[in-house]
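Residue-level structure breakdown
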Amino acid sequence: VSTQSTGRRNHNRMEEELPETEFDAIILGTGMVETILAGAIARSGKSVLHLDHRRYYGGCHATVDLSQLAEMACEDDARSSLSNWTVVTDDDKEAVDALMTKSSRFQLDLASGVLFSRGPMVDALVQSGTSKYSEFVKVDSTMVHVKGQLRQVPCSKNEVFADKSLSLLDKRTLMRFLQLCYQHMDAPAEVYKDHPECSFVEFLDTHKISPELKDVICYAIACANCNQTESPMSVQQGVASVTNYLKSVGRFGSTAFLSTKYGVSELPQGFTRLAAIFGGMYVLGRGIQHVTEENGRCTGVVCSVGQQLNAPVVISEPGYLRQFHREACTCLLYTSPSPRDS
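For the structure given in this document, a descriptive report is provided here. (Residues numbered from 1 in each chain as written. Predicted model: local features only at pLDDT ≥ 70, side-chain atom pairs only at ≥ 80, totals over all residues. Heavy atoms only, no water.)

Some remarks on the overall build of the protein
Stated precisely, the cut-off is as follows: Counting from the N terminus, the helices are DSSP H or I runs at least four residues long and the strands are E runs at least two residues long. Burial classes: relative accessible area under 20% of the type maximum marks a residue as buried, over 50% as exposed, and values in between as partly exposed (1.4 Å probe, protein chains only). Any pair of residues with heavy atoms lying within 4.5 Å of one another is described as a contacting pair.
From N to C terminus, the protein includes 12 helices and 14 strands. Across the 342 residues in the protein, those meeting the buried criterion constitute 46%. Excluding contacts between residues fewer than 6 apart, the proportion of contacts in the protein whose partners are at least 24 apart in sequence is 67%.

Here you go:
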C-alpha cells in the first residue's frame, strides 16, 4: 500500500495540514496490532486517523529494501533495539555500494511472515476479507539447525520413519508423543494431567525424548521463541503449541505453515486497505509532538507539523508514548509477537 494508492482519504504531502481534525480514534504506528484495530474500528463505523512517523507501512512487521534498511541502521531507535548491526568497513564499502544499486531487488522481512495454517491470524484474514489483498504460498518444508547441520522436520508418519538421521528408538518415541497429543487434541489437559506443574522440557523428559528430539519439538513444532534451557515454557503452553501445529499440518500442504508471497508487510497492509475502504485516513511520515489532555482525560495529539488532532481515544505502539507516560491517555501497549505465534 502506498500513500498514493490507498484511496482518496490518504495524504502524502508530509507538511500539509489535514482537512479534518476530529476523529473517534487516533492510532499511532502501522504495525500488525495497530492496523488490525484500525480495520475493526473503521468497519464499525467510527472515524479513524492513522499516523506513522515512518514512510512505510508495517512498523516492526515491515518489509524493506536495502536502502530502507540502511536508513533504519542510522536511527537511534534501531541502534538501541537491535544488537546485531555490523559497521561496514572500508574493505566492505565497494561490495555494499554495488548492492545498493540493486536495492529494490531485495525485500527483507523485519519479522517472520510464517503463519499456522489453522491459526487465528488465518481465520482473521478470511473473516475480515483482507485475505484477498495478499498472496500466500504454502511452505514445502521446515528445517531445524542442530549441531551445525540443517535437518528437515518430518511432518507425517511416513516422513518420520523415512528420516535417516533419527534412530529407530527416536522415531518410535516421537510418534508415540505426537499420537498422544493428536488423540487429545480437543482436550489437551489430558496429555499432561499427571504433570501439570512441570515445564514443557521436563514433560518431554518424562516421555524419554532425546536431547536432539527436544530441540525439534520445542523449536520447530512448538515454535518456542526463546531459549528453553534458560526460559522454558510451561507444559500447558508447549502442549497447546504442539496441538496447534498438528491441527495445521496438511491443510494447504504437507507442512503446518503458510507464508506471505511478497513479505510480511502484506499482512498489516491488508488491514490498512480494509480501514481505508471504510473511511480510515492514513498519513505516513508524520509522528507526534505530544499527547494532549483536558481535565485528566485524553483529548488527542499534536502531530509533528504542529496541528492539533482530537480524539477521545489514542492507541499507540509502545515506541510513541514512552516519553509521555500519561495515564489519562487510553493507550494499547503490547509486546509485539511474531506472526508465527498466531
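Remarks on the sheet that holds strand S6 (residues 136-138)
Going by this rule: Pairing between two strands is assigned when DSSP locates at least 2 bridges connecting them. Whenever a helix is involved, its axis is fitted only over the stretch in contact; in every case the axis is a line through C-alpha atoms, and angles between N-to-C directions fall within 0 to 180 degrees.
On the basis of which strands lie adjacent, the open sheet formed by 3 strands has the order S5-S9-S6 and antiparallel pairing. Both outer strands of the open sheet, strand S5 (114-116) and S6, are each paired with one neighbouring strand and no more. Geometrically, the sheet is characterised by an average inter-axis angle of 35° between neighbouring strands, direction not taken into account.

Structural notes on the pairing of strand S7 (residues 143-146)
Burial along S7 is one-sided: the face carrying Val144 and Val146 is buried and the face carrying Met143 and His145 is not. Connecting S7 to the antiparallel partner strand S8 (residues 149-152) that follows it, the hairpin turn spans 2 residues, and Lys147 within it adopts a positive phi of roughly 50°.

Structural notes on helix H10 (residues 235-248)
In plain terms, the rule: Helix span is expected to be 1.5 Å times the residue number reduced by one.
Compared with an ideal rise of 1.5 Å per residue, which puts 14 residues at 20 Å, H10 spans 20 Å between its outermost C-alpha atoms and is within 8% of the ideal. Among the 14 residues in H10, 10 count as buried, and that is most of the element. Among the residues making up H10, those that are buried are Val235, Gly238, Val239, Ser241, Val242, Thr243, Asn244, Tyr245, Leu246 and Ser248. Considering only its buried residues, H10 is in contact with S5, helix H7 (168-183), helix H8 (200-206), helix H9 (211-221) and strand S9 (257-260).

Observations concerning unusual backbone geometry
Here the phi dihedral of Lys208 falls at roughly 60°; this positive angle occurs in a residue that is not glycine. Checked against the element boundaries, Lys208 lands in the loop between H8 and H9. A relative accessible area of 68% places Lys208 in the exposed class. Even without glycine at this site, Cys223 takes up a positive phi of about 55°. Within the secondary structure, Cys223 is located in the loop between H9 and H10.

Focus on the nonpolar core
Our working rule: Here, nonpolar core means buried Ala, Val, Leu, Ile, Met, Phe, Trp, Tyr and Cys residues that are tied together by side-chain atoms lying within 4.5 Å of each other.
Phe177, Phe200, Phe203, Ile217, Val242 and Tyr245 are the most contacted members of the largest nonpolar core, which has 40 residues in total. Only S5, S7, H7, H8, H9 and H10 provide two or more residues apiece to this core. Sort the elements by how many residues they give to this core and H9 lands first, with 6 residues. Ignoring any residue separated from it by four or fewer positions in sequence, one finds Ile217 in contact with Leu174, Phe177, Phe200, Leu204, Ile209, Ala222 and Val242. Ranked by size, the runner-up nonpolar core spans 17 residues in total, among them Ile26, Leu28, Val301 and Ala311.

Some details on the pairing of strand S11 (residues 288-294)
Two elements, S11 and strand S12 (residues 297-303), share 6 bridges in a ladder whose sense is antiparallel. For Val291, the partnering residue across the bridge sits in S12 and is Val301. Here S11 hands over to S12 after 2 residues, with Asn295 in that stretch at a positive phi of 55°.

Structural notes on helix H11 (residues 266-277)
With 12 residues, H11 should cover 16 Å at 1.5 Å per step; its first-to-last C-alpha distance of 16 Å lies within 8% of that length. Taken across its 12 residues, H11 has 10 buried, putting it largely inside the fold. Against helix H1 (32-43), S5, helix H5 (120-128), S6, S9 and strand S10 (281-284) lie the buried residues of H11. Directly beyond the C-terminal end of H11, a positive phi value near 95° is found at Gly279.

Some points on the packing of H7 against H9
Here is the rule we go by: An angle below 35 degrees is treated as roughly parallel, one above 145 as roughly antiparallel, one from 65 to 115 as roughly perpendicular, and anything else as oblique. Two helices crossing with the near one rotated counterclockwise from the far one by less than a right angle form a left-handed crossing, whereas a clockwise rotation gives a right-handed crossing. Just so you know the grouping, Ala, Val, Leu, Ile, Met, Phe, Trp, Tyr, Cys and Pro go in nonpolar, Asp, Glu, Lys and Arg go in charged, and all remaining residues, Gly too, go in polar.
Put simply, H7 and H9 touch, their axes get as near as 11 Å, and they point 40° apart. In terms of axis orientation, H7 runs oblique to H9. Crossing of H7 over H9 shows right-handed handedness. Residue-level contacts link Asp170, Leu174, Phe177 and Leu178 of H7 to Leu213, Ile217 and Ile221 of H9. Looking at the contact of H7 with H9 residue by residue, the classes come out as 6 nonpolar, no polar and 1 charged.

Side note on the pattern of salt bridges
Where we set the bar: In the sections that follow, a salt bridge refers to a side-chain nitrogen of Lys or Arg positioned within 4 Å of a carboxyl oxygen of Asp or Glu.
Scanning the model with the defined rule gives 6 salt bridges in all. Taking the shortest distance from any N to any O, the salt bridge between Asp52 and Arg54 comes out at 3.1 Å. Assessed through its relative accessible area of 0%, Asp52 is described here as buried. The exposure class assigned to Arg54 is buried, which follows from its relative accessible area of 17%. Between Glu317 and Arg54 there is a salt bridge, and its shortest N-O distance comes to 2.8 Å.

Quick word on the packing of aromatic side chains
Our working rule: Put simply, two rings from Phe, Tyr or Trp (the six-membered ring, in Trp's case) pair if the centres are within 6.5 Å, and we call them stacked under 30 degrees between planes, edge-to-face over 60, tilted for the rest.
Counted according to the given criterion, the structure contains 5 aromatic pairs. Summarising the aromatic geometry, the rings of Tyr245 and Phe257 are spaced 5.9 Å apart at their centres and angled 65° between planes, so their arrangement reads as edge-to-face. Placement of Tyr245 in helix H10 and of Phe257 in strand S9 is noted, with a sequence separation of 12 residues between them. A relative accessible area of 3% places Tyr245 in the buried class. On the basis of relative accessible area, Phe257 is assigned to the buried category, the value being 3%. Grouped by ring-pair contacts, the aromatic residues Phe116, Tyr245 and Phe257 constitute a single cluster.

Interpretation in functional terms is not warranted from these geometric data alone.
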